[in-house]
Amino acid sequence: MSETPPSAPSGKPEDHAPNFVDELVQAEIDAGRTRLVTRFPPEPNGYLHIGHAKSIVTNFSLARKLPGAHCNLRFDDTNPAKEETEFVESIQEDVRWLGFDWGEHCYFASDYFQQLYDMAERLIREGKAYVDSQSLDDIREGRGSFHQPGTESPFRGRSVDENLDLFRRMRAGEFDEGAHVLRAKIDMASKDLKLRDPVMYRILKVAHHRTGTAWSIYPMYDWAHGQSDAIEGVTHSICTLEFQNHRGLYEWFHEQLGFQDPPRQIEFARLNLTYTVLSKRSLQKLVAAGHVSGWDDPRMPTVAGLRRRGVSPASIRAFCERIGVSKRDSFVDVTLLEHAIREDLNATSPRLMGVLRPLRVVIENYPEDAEETFELALNPGDDAAGSRAVPFCREVFVDREDFMEVPAPKFWRIFPGNEVRLRGACLLTVTRVIKDDAGEVTELRATWDPESRGGNAPDGRKVKGTVHWVSARHAVPAEVRLYDRLFTEENPLSDEERDLVEFLNPDSLEVLSGCMLEPAVREFGPLSRLQLERVGYFCVDAASEDGGLVLNRTIALKDSWAKVAAKR
RNA sequence: UCCGGGAUCGUCCAAUGGCAGGACAACGGACUUUGAAUCCGUGAAUGGAGGUUCGAACCCUCCUCCCGGAACCA
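This one's a predicted model, so the numbers in the text were calculated from it and none came from an experiment.

**Quick look at the overall build of chain A**
- What chain A contains, in helices and strands, is 13 helices and 25 strands.
- Overall size of chain A, expressed as C-alpha extent along the three principal axes, is 100 × 55 × 40 Å.
- Counting only residues that meet the buried cut, chain A has 53% of its 568 residues in that class.
- Here the analysis covers contacts within chain A between residues at least 6 apart in sequence; of these, 72% occur between residues at least 24 apart.
- Total accessible area computed for chain A in this model is approximately 25,600 Å², and 48% of it derives from carbon and sulfur atoms.
- A gap of 3 Å separates the mean positions of the 72 positive and 91 negative side-chain charges of chain A.

**Side note on empty space enclosed by the protein**
- Applying the stated rule across the entire model yields 2 cavities of 30 Å³ or more.
- If you add up the space inside the largest cavity, you get close to 50 Å³.
- Around the largest cavity, the lining residues are His16, Asn19, Lys54, Val57, Thr58, Ser61, Cys320, Glu321 and Val325.
- Listed by contribution, the elements that provide at least two residues to the lining of the largest cavity are helix H2 (50-62) and helix H11 (313-323).
- With 4 residues, the single largest contributor to the lining of the largest cavity is H2.
- The residue makeup of the lining of the largest cavity, split by class, is 3 nonpolar, 4 polar and 2 charged.
- Taken together, Tyr221, Asp222, His225, Gly226, His246, Tyr250 and Gln265 make up the lining of the second largest cavity.
- The class makeup of the residues in the lining of the second largest cavity is 2 nonpolar, 4 polar and 1 charged.

**Some points on the pairing of strand E22 (residues 509-517)**
- Examined bridge by bridge, strand E11 (residues 354-355) and E22 share 2 bridges and lie antiparallel to one another. Across the sheet, residue Val355 finds its bridge partner in E22, namely Met516.

**Observations concerning the sheet that holds strand E24 (residues 536-540)**
- Strands sit in the order E10-E23-E24-E25-E21-E22-E11 across an open sheet of 7 strands; the sheet is mixed. On the outer flanks of this sheet lie strand E10 (351-352) and E11, each paired with one strand and no other.
- Relative to E24, strand E23 (residues 529-532) is paired through 4 bridges, and the arrangement is antiparallel. Among the inter-strand pairings, Gln531 is bridged to a residue of E24, identified as Tyr537.
- Strands in contact with helix H12 (residues 334-348) are E10, E23, E24 and strand E25 (550-556); relative to E25, the strand with the most contacts, it is inclined by about 120°.

**Points about the side chain of Thr240**
- Tracing the backbone through its elements, the reader meets Thr240 in strand E8 (residues 236-240).
- If near-sequence neighbours (up to four positions away) are discounted, Thr240 is found in contact with Glu267, Phe268 and Arg270.

**Observations regarding the pattern of salt bridges**
- Applying the stated criterion across every chain yields a total of 51 salt bridges.
- Ionic pairing is found between Asp499 and Lys285, a salt bridge with its closest N-O pair at 2.6 Å. One end of the pair, Asp499, is in the loop between strand E21 (476-483) and E22; the other, Lys285, is in helix H9 (residues 280-288), and 214 residues separate them in sequence.
- Across the pair Arg357 and Glu510 runs a salt bridge whose closest N-O atoms are separated by 3.3 Å. Of the two residues, Arg357 sits in the loop between E11 and strand E12 (358-363) while Glu510 sits in strand E22, which places them 153 residues apart along the sequence.
- Judged by its relative accessible area of 25%, Arg357 is partly exposed.
- Relative accessible area serves as the criterion here: at 38%, Glu510 is assigned to the partly exposed category.
- One continuous salt-bridge network, built from bridges that share partners, spans Glu28, Arg33, Arg35, Asp261 and Arg264.

**Things to note about the environment of Pro154**
- Here Pro154 is to be found in the loop between helix H5 (136-142) and helix H6 (160-171).
- For Pro154, a relative accessible area of 67% corresponds to the exposed category.
- C-alpha separation for the pair Pro154 and Asp15, spaced 139 residues apart in sequence, amounts to 56 Å.

**Topic: unusual backbone geometry**
- Non-glycine residue Asp197 carries a positive phi angle of around 50°.
- Positionally, Asp197 belongs in the loop between strand E5 (181-184) and strand E6 (199-203).
- According to the relative accessible area criterion, Asp197 is buried, its value standing at 0%.
- In the Ramachandran plot, Tyr275 falls in the positive-phi region, its phi being about 60° despite a non-glycine side chain.
- Note that Tyr275 resides in the loop between strand E9 (264-268) and H9.

**Details of the protein's contact with RNA strand B**
- Taken together, 69 residues surround RNA strand B, and among them His147, Ser326, Arg328, Gly454 and Arg534 come closest.
- Counted by atom, the contact set of RNA strand B within 4 Å of the protein is 63% sugar and phosphate.
- Elements with a minimum of two residues in the surface near RNA strand B: H5, E6, H11, H12 and helix H13 (560-567).
- The residue makeup of the surface near RNA strand B, split by class, is 19 nonpolar, 24 polar and 26 charged.

**Side note on the side chain of Asp132**
- Assignment of secondary structure puts Asp132 in strand E4 (residues 129-132).
- Each residue touching Asp132, except ones within four places of it in the same chain, is listed here: Ile139, Ser153, Phe155, Arg158, Ala179, His180, Val181 and Arg183.

**Some words on the nonpolar core**
- Counting 36 residues, the largest nonpolar core has Ile50, Val95, Leu273, Ile316 and Phe319 as its most contacted members.
- Of all the secondary-structure elements, those providing two or more residues to this core are H2, strand E2 (70-75), helix H3 (85-97), helix H10 (303-309), H11 and H12.
- The residues touching Val95, leaving out its near neighbours within four places in the chain, are Phe40, Leu48, Ile56, Phe60, Phe100 and Trp102.
- Grouped together as the second largest cluster of nonpolar side chains are 31 residues, Leu116, Leu164, Leu166 and Phe167 included.

**Comments concerning a positive patch on the surface**
- A cluster of basic side chains, namely Lys410, Lys558, Lys563 and Lys567, defines a positive patch on the protein surface.
- Mapped onto the fold, Lys558 is located in the loop between E25 and H13.

Rules and cut-offs
Residues numbered from 1 in each chain as written. Chains lettered and ligands numbered in written order. Predicted model: local features only at pLDDT ≥ 70, side-chain atom pairs only at ≥ 80, totals over all residues. Heavy atoms only, no water. Helix = DSSP H or I, 4+ residues; strand = E, 2+ residues; numbered from the N terminus. Buried < 20%, exposed > 50% of the residue type's maximum accessible area, 1.4 Å probe, protein only. Contact = heavy atoms within 4.5 Å. Areas by Shrake-Rupley, 256 points an atom, 1.4 Å probe, with all protein chains shown as cover. Lys, Arg positive; Asp, Glu negative; His and termini not counted. Charge placed at Lys NZ, Arg CZ, Asp CG, Glu CD. 1 Å grid on protein atoms, 1.4 Å probe; cavity = no way out; pocket = protein on both sides within 12 Å on 5 of 7 lines; lining within 4 Å. Points joined across faces, edges and corners; volume = space filled by probe spheres on them. Nonpolar A, V, L, I, M, F, W, Y, C, P; charged D, E, K, R; others polar. Pairing = 2+ DSSP bridges. Axes fitted to C-alpha atoms, helices over the stretch in contact; angles between N-to-C directions. Salt bridge = Lys/Arg side-chain N within 4 Å of Asp/Glu carboxyl O. Near = heavy atom within 4 Å. Core = buried A, V, L, I, M, F, W, Y, C linked by side-chain atoms within 4.5 Å. Patch = residues over 30% accessible without salt bridge, like charges linked within 9 Å, V, L, I, M, F, W, Y side chains within 5 Å.

Shown next as structure tokens:
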């Protein structure tokens, strides 16, 4: 068995209650709009995380509202110092894995460098842009503040010819970095600081991952992004709240250039998740400092990390659709994500048995060299899932956590004299507890009821407890990695005094070796998702090989016994 | 203090002048060959003060609080 192919999102235009973006676009459609193009515009400078997934789901599902509509994947690669081909590849892989298809519509802002340049010359000729030769600090100071209007640059009055000449020479690489910038000529006294002659181009003598050394000037975000949207015929440019302050400038450029049916920018609240950080900077820090094994560490909220953790793309989509889209700053409870993960895995995961902390049980009235197999459903809730053969013999492993020599109140699993069911196999009663010199339990002796094959006794007597088990003779040893939340605080970034590293959960990873799994696990290849009954959902590690089986725990099953036990 | 946004159960999202509803979480119960899942039930909210109206979460006024904005980053 191997990784399930990415399942396509359901074809329905809406899997969620309409949000304000849906309504706004729908209103335009009702008013006669016939063209609809959205875009997901990542900068290829890092890995995608679940916050990006929210944007991807929003943009791609919006593009299903109208026949012929589509969503572009566009790389906003205007800062060569930070961007790499490695990231464009990982981003494409992640978007695809999430189940979305951009078809022919994969673009790069860097493909528009010439058009952008031509448009900039046009603004210069129209007196709407000029080359400023002030230092970075002088430009910053000249911008003024929230309360003070800015002051005009001494170079603001340069002639069109001089500006054109300088700009061309900037492009030709005649100047050092920082010597000049191209600025839009708008209004240094504007209340909207973005309109105080924003920088459009800076000199950067850095090779670009796609254009190489062809350019020595690169467009700034505000210049490149809006014009890229317009060039692509994007109708709705959906971005996060922090870009609200850019909208005035976004529209100003479009007006100057006279685009017809220009894109409309709409902002929504970015995703925040409890016990998680979703800023590229923080994530980068965790990777660089070695707090996690990499961008795809299963504890990372990156798409790559979630994939390796065993989270399904369907559950990420369901989660994104369920949290909705609004303009309110929000902090989504991670239990909502966990619910979506369990919901999908419960429906789709094959069931197996595995013992994480093995305790040997010798069934004294079972013949020494006999063995037999039981046929168990792979998913009791889904007959189509089929079944697997589970071998059984005189010695089995059970989980140490399922045994108490002196049972706590309401504990109805294994303890001396208590009859329990070995799931799918038989009824069994522990008769004797064997300990080492230190008093540690090392083995249990038990008897079984041969009439109870399959798990029920002919006399119909009830047993309260059912436990999972693995035949000692047939067990497949494995390493199991138990993952938990990466942070101990709901918002690890809320404390300005303390670094997020201080809030790392020391128990976010527990590695168990010598775990014992039923032999059917051999049929599962890397990235296969499965449930270990009564324990949790797991995923065969991407790097797992024969002879070194590794399982990552995606998420534990809910455990109401743990709650009862914790209360005491 | 200036500009741009936002305030509804613990959390997220609805209700667009007419019974404040759903999901998650919590709690209780039923069922159970997974103490899972499933099913049933309980508690839980309109930031504040005025105003308009037969009627306000929604409209108006004032206030309060929260977020973003002064990169040659995106």
